[in-house]
Amino acid sequence: MADKSLGWKIPERIGRLEELAYNLWWSWHPEARDLFRDLNYVLWRITGHNPVKQLRETSPERLQQLATDSQFLVLYDSVVAEFDAQAPAEKTWFAANYPDLLKGPVAYFSMEFAIHTSLPIYAGGLGILAGDMCKEASDIGVPFVAVGFMYPQGYFSQHITGAGTQEEHYHQLDFDEAPIRPVLFADGRRMLVSVPLGNRVVSVGVWRVKVGRVDVYLLDTNVSENTPQQRQLSARLYVADQETRLQQEIVLGVGGVRVLRALGIQPALWHANEGHTAFLTLERVREEMETGLSFREAIEKVRSVTIFTTHTPVPAGQDVFPAELAERYLSDYCSSLGIDRKECLGLGQVQASDGRLFNMAALALRMSEQHYGVSRVHGAVARRMWQALWPDMEVDDVPIFHITNGIHTPSWVASEMRELYEKYLGADWLERHDDPALWERVLEIPDVELWNARRVLRHKLIDGVDELAQKAWATND
């Protein structure tokens, strides 16, 4: 494995640039972004705002020059001081308000995470929410650890041909230029866990992404211990082949739990973000049964600390596998739980008539204590969709509630709007952005200033589209 350290060429006076580059905290802190922009503006643009790649391509001579540049050093010291100030968890909002609420972190499992474009392992809204959850947990100090996949090809990008048809393009990620580092044992060997896949075992490596205070662990089957087919298992997000998708979801759920255990992490709560992650519950049932609990006792214990969020408001959007396919990969695993084929497959069936199907959302709903949609309307839709799991209840009594999706405000507010908020709402507006009364003061912002900010942002959008179009024309893409 290549040595990813950049310390050999970064002068000691600015030596923490590497640490900052490998922690995506910089991506939602304006001064930190300014620091890397000032490092080398041309490279900042060429690398797509990727400080890791930027530092790799910056010459030692340029870094030596910056180490004696008084203006750069003032900004550097300010950013490092801000970075260090956010580190102590005991000084956070969560620690101040709920110091004894959790005895361990929340373990958040998701198929995708959208944290920054330098780590393209996401497809859309599910990943955006997951990434924002990590950032917000970091900001307010919620003990939080996340688990997902490290996809070297990510999700496809779309290209429309001259004939008007869509083509799918996959781009290989250069791991040496991404803000990730491998998780190693104390002796320097790469940490691996084993996951049963039918009658075979797959080895899973782990990458760590720093998101402020939060660690995101990404699973990777592209290790030498695996067969060529197994090594490709984690290559792409949302593959169409059902068998590969099922294998991925077993690796994510079962392997994710085993990774946390290997790291010595003991979560207090487990959050399954969409049905893709539901196998994490079966692995935890297996663990509890090893302590002497019966299958039913183990299920109740696992359910009591498991939360499930459903995102998809239509049945066609759920992950549903043929029962015979699920049985092929789960039969030995469920035998170890002491349950037969019918009971095993029944965990993923909405009702008895669904005997030929295995539904991941149904498994997640059965194996969790709390269930949520992502808006008020979606909560109502989800109660109707899943009433069959609670046949003795009226629709309105089905225990699926809702928490409306929010955003991580610092990531999504443009600098032009941030300046207006600081001017008219107060310098501390970000700390008070959950207060509805604060936003009543938006009416105090003069119309002309709002219009000017909108005009600037619109020009940025048009310039960005124009730049992308020119690149496409230049490459004949």
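Below you will find a few notes about this structure. (Residues numbered from 1 in each chain as written. Predicted model: local features only at pLDDT ≥ 70, side-chain atom pairs only at ≥ 80, totals over all residues. Heavy atoms only, no water.)

## Here we look at a nonpolar patch on the surface
Then step 1. Together, W93, Y98 and L101 make up a nonpolar patch on the protein surface, roughly 340 Å² of accessible area in all.
Then step 2. Following the sequence through the fold, W93 ends up in helix α7 (residues 93–97).
Then step 3. Residue classification places W93 among the partly exposed residues on the basis of a relative accessible area of 45%. (Patch = residues over 30% accessible without salt bridge, like charges linked within 9 Å, V, L, I, M, F, W, Y side chains within 5 Å. Areas by Shrake-Rupley, 256 points an atom, 1.4 Å probe, with all protein chains shown as cover. Salt bridge = Lys/Arg side-chain N within 4 Å of Asp/Glu carboxyl O. Helix = DSSP H or I, 4+ residues; strand = E, 2+ residues; numbered from the N terminus. Buried < 20%, exposed > 50% of the residue type's maximum accessible area, 1.4 Å probe, protein only.)

## Description of helix α10 (residues 242–262)
Working note: α-helix, 3.6 residues per turn, so residues spaced by three or four point in the same direction.
Then step 1. The end-to-end C-alpha separation of α10 is 29 Å, in line with the 30 Å expected for 21 residues at 1.5 Å each.
Then step 2. Along α10, 15 of the 21 residues are buried, which leaves the element largely enclosed by surrounding structure. (Expected span 1.5 Å × (residues − 1).)

## Topic: the environment of D241
Then step 1. For D241, the location among the structural elements is in the loop between α9 (228–231) and α10.
Then step 2. Taking the relative accessible area as the measure of exposure, D241 reaches 43% and is therefore partly exposed.

## Description of the state of the cysteines
Then step 1. Inspection of the entire model under this criterion finds 1 disulfide.
Then step 2. Each sulfur in the disulfide pair C334 and C344 lies 2.0 Å from the other. For the disulfide bridge between C334 and C344, the dihedral angle about the S-S bond is near 45°, and by the sign convention the bridge is right-handed. With a gap of 10 residues between them, C334 in helix α13 (residues 323–336) and C344 in helix α14 (residues 341–346) connect regions that are remote in the sequence. The same class applies to C334 and to C344, which are both buried. (Disulfide = S-S within 2.5 Å.)

## As for the nonpolar core
Then step 1. Residues I14, V216, F279 and W386 are the most contacted members of the largest nonpolar core, which totals 124 residues.
Then step 2. Residue contributions to this core peak at 8 residues, all from α10.
Then step 3. With near-sequence residues (within four places) excluded, I14 lies in contact with L63, L66, A67, F72, L73 and Y76.
Then step 4. Core analysis: the second largest hydrophobic core is formed by 10 residues, V413, M417, L420 and L425 among them. (Core = buried A, V, L, I, M, F, W, Y, C linked by side-chain atoms within 4.5 Å. Contact = heavy atoms within 4.5 Å.)

## A short note on the packing of aromatic side chains
Then step 1. As enumerated under the stated definition, the model contains 15 aromatic pairs in all.
Then step 2. Geometrically, the ring pair formed by Y421 and W439 is edge-to-face, given 5.2 Å between the ring centres and 85° between the ring planes. Within this pair, whereas Y421 is found in helix α18 (residues 415–424), its partner W439 is found in helix α19 (residues 436–440), the two being separated by 18 residues in sequence.
Then step 3. For Y421, a relative accessible area of 14% corresponds to the buried category.
Then step 4. On the basis of an interplanar angle of 75° and a centroid distance of 6.2 Å, the ring pair of W429 and W439 is categorised as edge-to-face. Placement of the pair is W429 in the loop between α18 and α19 and W439 in helix α19, with a sequence separation of 10 residues. (Phe/Tyr/Trp six-rings, centres within 6.5 Å; stacked < 30°, edge-to-face > 60°.)

## With respect to helix α8 (residues 125–140)
Then step 1. Under the 1.5 Å per step criterion, the end-to-end length of α8 is 22 Å for 16 residues, consistent within 8% with the ideal 22 Å.
Then step 2. Along α8, the residues that are buried comprise L126, G127, L129, A130, G131, D132, C134, K135, A137 and S138.
Then step 3. For α8, the secondary structure elements touched by its buried residues are β1 (106–109), β2 (144–149), β7 (200–211), β8 (214–220), β9 (269–273) and α17 (409–412).
Then step 4. G141 lies just past α8 and shows a positive phi near 85°.

## What about the environment of A95?
Then step 1. Looking at where A95 falls in the secondary structure, it is placed in helix α7.
Then step 2. Put simply, A95 and V413 are 318 residues apart on the chain and 26 Å apart in space, counted from C-alpha to C-alpha.
Then step 3. Apart from the residues within four sequence positions on either side, A95 is in contact with A89 and E90.

## As for unusual backbone geometry
Then step 1. Its identity is not glycine, yet H49 carries a phi of approximately 60°, on the positive side.
Then step 2. Looking at the element boundaries, H49 is found in the loop between α3 (41–46) and α4 (51–57).
Then step 3. Phi is positive for Y238, close to 55°, though the residue is something other than glycine.
Then step 4. On the secondary structure map, Y238 appears in the loop between α9 and α10.

## A look at the pattern of salt bridges
Then step 1. Scanning the model with the defined rule gives 24 salt bridges in all.
Then step 2. Its salt-bridge partner being R45, residue E467 comes within 2.8 Å of it at the nearest N-O pair. You can see E467 sitting in helix α20 (residues 447–474) and its partner R45 sitting in helix α3, a full 422 residues away along the chain.
Then step 3. Across the salt bridge formed by R286 and E283, the nearest N and O atoms sit 2.6 Å from each other. Of this pair, R286 and E283 both sit in helix α11 (residues 279–290), 3 residues apart, which is roughly one turn of that helix. For the residue pair R286 and E283, the accessibility class agrees, reading buried in each case.
Then step 4. One continuous salt-bridge network, built from bridges that share partners, spans R258, E283, R286 and E290.

## Remarks on the pairing of β7
Then step 1. Pairing analysis gives 2 bridges linking strand β5 (residues 181–182) to β7, with the strands arranged antiparallel. Note on β7: the bridge partner recorded for P182 is W207.
Then step 2. Note that strand β6 (residues 192–197) and β7 share 6 bridges and pair antiparallel. Bridging from a neighbouring strand, V195 pairs with V202 of β7.
Then step 3. Connecting the antiparallel pair β6 and β7 is a turn made up of 2 residues, with G198 showing a positive phi of about 65°.
Then step 4. Of the strand pairs in this sheet, β7 and β8 are connected by 7 bridges, and their pairing is antiparallel. If you follow V211 over to β8, its bridge partner there is V214.
Then step 5. Counting the residues between successive antiparallel strands, the hairpin from β7 to β8 contains 2 residues, one of them, G212, with a positive phi of roughly 65°. (Pairing = 2+ DSSP bridges.)

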